[in-house]
Amino acid sequence: MTQALHPATDRVEPFPSPPSSCWERLARLAPQRLAAIEACLMPAPHALPAGVAGRGMDLEQLQALAQDLVPALVPPALQRASASRQLGHLGGRLCAEAAMAAASGRRVGIGIGESGAPLWPADLVGSISHTRGGAWACVGLRPGWSMVGIDSELLADADAVRSIVELCCTAEERRRWFPQAPDPLLATLLFSAKESVYKAIHPVVRRFVEFDEVELVALDAGRSALRLRPVPGGPLAARFDGFELTAVVAGDQVHTALVAGA
């Protein structure tokens, strides 16, 4: 758990109107660097179905190429944010626009809603995530896809594991999954999966969702698939039966994804 709870949500005031494309502004500010920055793009590591485009970017590479440009490319509400947060925001938006281009053939700016969640064009559904070292985004076309949520986390250290178990788990999850010394990988997977669920359902519920509103109920032996469900009797139980997620563990990183068809 490398950031605060719900880390990929930029809690700032919304844009009065959608911003211009980050790639277009970058091309105007430093056209000679555009090709090198585009070369930093890579496929997202998340396990995504065909038809959903994912892109990622190493933030250290982006910083080396565009550190002096970052303040001019982030929204005014982030001008006083830390340099790392500005970089993560920009990297996430660049990945999102690149994934959008792969899915729809166009790039447009992505605003920030009142809750802090990305504002996608009406015909797209997408999600953004970043850690201190990387940024990722995935995009799918409506009406084929109804919900998309991705999350990426660095493997939780001992303090983060304790926080996840104490603050992010239901009593049933603590009893079932963490009866003894918590497993850092399992704790990270659980946290990341909940983040992916929250991002995916936010456009539907349009509110902040607490960590104890959904719980992990199944995990395959290889830890590449998870099932979460709304807590029985909770506010989400009447709207959702459950959530099937994929997981990819790559070194010290965990990547989860929830992609639902219409």
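As shown above, the structure is provided for reference.
Asks: Residue-level account of the overall build of the protein chain, with values.
Replies: Assigned secondary structure in the protein chain consists of 8 helices and 11 strands. For a compact globule of 262 residues, the expected C-alpha radius of gyration is about 18 Å, and the protein chain comes in at 18 Å, within 12% of that figure. Along the first, second and third principal axes, the C-alpha set of the protein chain runs to 55 × 40 × 35 Å. Taking all 262 residues of the protein chain together, the buried fraction comes to 50%. Pairs at least 24 apart in sequence give 59% of the contacts found in the protein chain among residues at least 6 apart. Here the protein chain contributes 24 positively and 27 negatively charged side chains, and the mean placements of these two sets differ by 4 Å.

Asks: Please set out helix α1 (residues 22–29) residue by residue, giving values where relevant.
Replies: Turning to α1, its buried residues number three or more, namely Cys22, Trp23, Arg25 and Leu26. Buried residues of α1, seen end-on, are gathered within an arc of 160° and therefore sit on one face of the element. Where the residues of α1 are buried, they touch α2 (34–38), β1 (41–43), β2 (53–58), α4 (70–73) and α5 (83–104). At the N-terminal end of α1, a side-chain oxygen is found 3.2 Å from the backbone nitrogen of Trp23, two or three residues along, and the residue is Ser21.

Asks: Requested: an account of the state of the cysteines, with residues and values cited.
Replies: As enumerated under the stated definition, the model contains 0 disulfides in all. In this structure Cys138 is not part of a disulfide, and its nearest cysteine sulfur, from Cys95, lies 11 Å away. Cysteine Cys168 shares no disulfide, and the gap to the nearest cysteine sulfur, in Cys169, comes to 6.6 Å. The class for Cys168 is buried, based on a relative accessible area of 1%.

Asks: Help me get a handle on the side chain of Ser129, residues and values and all.
Replies: Along the chain, the position of Ser129 falls in strand β5 (residues 124–130). There is a polar contact of 2.9 Å between the side chain of Ser129 and the backbone nitrogen of Ser152.

Asks: Summarise helix α3 (residues 59–66); cite the residues concerned and give the values.
Replies: Along α3, the residues classified as buried are Leu59, Leu62 and Ala66. Along the axis of α3, the buried positions cluster into a sector of 55°, meaning they face one direction only. Summarising the geometry of α3, the exposed residues directed more than 90 degrees from the buried face are Glu60 and Ala64. Where α3 is buried, its residues touch α2, β2, α4, α5 and β6 (134–141). Of the residues flanking the start of α3, the one acting as N-cap is Asp58, its side-chain oxygen 2.8 Å from the backbone nitrogen of Glu60.

Asks: Explain the pairing of strand β10 (residues 243–250) to me, using residue names and the numbers behind them.
Replies: With 4 bridges connecting them, strand β9 (residues 225–230) and β10 associate as antiparallel partners. Residue pairing across strands places Arg227 opposite Glu244, the latter belonging to β10. Alignment of β10 against strand β11 (residues 253–261), held across 5 bridges, turns out to be antiparallel. Residue pairing in the sheet places Val249 in a bridge with Val254 of β11. In this structure, the hairpin formed by β10 and β11 is closed by a connection of 2 residues, where Gly251 is found at a positive phi of approximately 65°.

Asks: Outline the nonpolar core, supporting the account with residue identities and numerical values.
Replies: With 35 residues, the main nonpolar core has Phe178, Val197, Ile201, Leu226, Leu228, Phe243 and Leu245 as its most contacted residues. Elements with a contribution of two residues or more to this core: α6 (158–168), α8 (184–205), β8 (214–219), β9, β10 and β11. Among the elements that line this core, the one with the most residues is α8, at 11 residues. Each residue touching Leu226, except ones within four places of it in the same chain, is listed here: Leu189, Ala193, Leu216, Ala218, Leu219, Phe243, Glu244, Leu245, Thr246 and Ala247. Counting 32 residues, the second-largest nonpolar core is a separate cluster that includes Ala66, Leu73, Leu94 and Ala96.

Calculation notes
- Residues numbered from 1 in each chain as written.
- Predicted model: local features only at pLDDT ≥ 70, side-chain atom pairs only at ≥ 80, totals over all residues.
- Heavy atoms only, no water.
- Helix = DSSP H or I, 4+ residues; strand = E, 2+ residues; numbered from the N terminus.
- Rg over C-alpha atoms; globule rule 2.2 N^0.38 Å.
- Buried < 20%, exposed > 50% of the residue type's maximum accessible area, 1.4 Å probe, protein only.
- Contact = heavy atoms within 4.5 Å.
- Lys, Arg positive; Asp, Glu negative; His and termini not counted.
- Charge placed at Lys NZ, Arg CZ, Asp CG, Glu CD.
- Arc of directions from axis to C-beta.
- Polar contact = N/O pair within 3.5 Å; in protein donor to acceptor, adjacent residues only side chain to side chain.
- Disulfide = S-S within 2.5 Å.
- Pairing = 2+ DSSP bridges.
- Core = buried A, V, L, I, M, F, W, Y, C linked by side-chain atoms within 4.5 Å.

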